[in-house]
Amino acid sequence: MIEWTGEDVESNIQEEATVLYVQTPMCGTCQLAKRMLTVVEAALELTVGTVNLNYAPYLAERYEIESVPCLLVFKRGIVAKRMYAFQSVDFIYNELQKLDIFPKK
């Protein structure tokens, strides 16, 4: 995962497909979800950007983020998927594969 600022988010989401993990450092669930995402990131050979919502609160309104942790998948700047439930590595992996916007492995 790569730490992004709010400005980094705005420039990176314009790419073909972008995964953004939105979290706050004091959130225990966020820490657990981050570990699961690290496994999925390696399995799918993705790059996941992560942003601390405390430093970019305007993103919550702009992308309708209701709570953290939140995983946003963008396709050419538009939110294609919003996830709040990080049930398991397998669940996250399958949800991202369903989108069919990432290269197949």
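One can find the structure itself at the top, above this paragraph.
Notes on the structure in this doc start here. (Residues numbered from 1 in each chain as written. Predicted model: local features only at pLDDT ≥ 70, side-chain atom pairs only at ≥ 80, totals over all residues. Heavy atoms only, no water.)

Section: helix α4 (residues 89-98)
Reasoning step 1: Taken as a whole, α4 has its buried residues at I92, E95, L96 and Q97.
Reasoning step 2: Turning to α4, the residues buried within the fold contact α2 (28-44), β4 (70-75) and β5 (78-83).
Reasoning step 3: Looking one or two places after α4, you find D100, whose phi comes out positive at around 55°. (Buried < 20%, exposed > 50% of the residue type's maximum accessible area, 1.4 Å probe, protein only. Helix = DSSP H or I, 4+ residues; strand = E, 2+ residues; numbered from the N terminus. Contact = heavy atoms within 4.5 Å.)

Some thoughts on the state of the cysteines
Reasoning step 1: As enumerated under the stated definition, the model contains 1 disulfide in all.
Reasoning step 2: Note on cysteine connectivity: C27 is disulfide-linked to C30, with sulfurs 2.5 Å apart. Linking C27 and C30, the disulfide has an S-S dihedral of approximately 85° and is accordingly described as right-handed. Like C27, the residue C30 is buried in the burial classification.
Reasoning step 3: Of the cysteine sulfurs around C70, a residue in no disulfide, the closest is that of C30, at 9.8 Å. (Disulfide = S-S within 2.5 Å.)

Topic: α2
Reasoning step 1: A rise of 1.5 Å per residue sets the reference length of α2, with its 17 residues, at 24 Å; its end C-alpha atoms lie 25 Å apart and thus fit the reference within 8%.
Reasoning step 2: C30, A33, M36, L37, V40, E41 and L44 are the residues of α2 that are buried. Summarising the axial view, the buried residues of α2 lie within an arc of 150°, below the 170-degree limit, and thus occupy one face. Turned more than 90 degrees off the buried face of α2, the exposed positions are G28, R35 and A42.
Reasoning step 3: Residues of α2 that are buried make contact with β2 (17-23), β3 (48-52), β4 and α4. (Expected span 1.5 Å × (residues − 1). Arc of directions from axis to C-beta.)

Observations regarding the packing of aromatic side chains
Reasoning step 1: For the structure on display, the rule yields 2 aromatic pairs.
Reasoning step 2: Note on Y21 and F86: the rings are 6.0 Å apart at their centroids and 85° apart in plane angle, and the pair reads as edge-to-face. Here Y21, found in strand β2, pairs with F86, found in the loop between β5 and α4; they are 65 residues apart in sequence, far enough to count as distant. Across the pair, exposure class does not vary: Y21 and F86 are buried alike.
Reasoning step 3: With centroids separated by 5.1 Å and ring planes inclined at 80°, the aromatic side chains of Y63 and F74 adopt a geometry described as edge-to-face. On the criterion of sequence distance, the pair formed by Y63 in the loop between α3 (58-62) and β4 and F74 in strand β4 is long-range, its members being 11 residues apart. (Phe/Tyr/Trp six-rings, centres within 6.5 Å; stacked < 30°, edge-to-face > 60°.)

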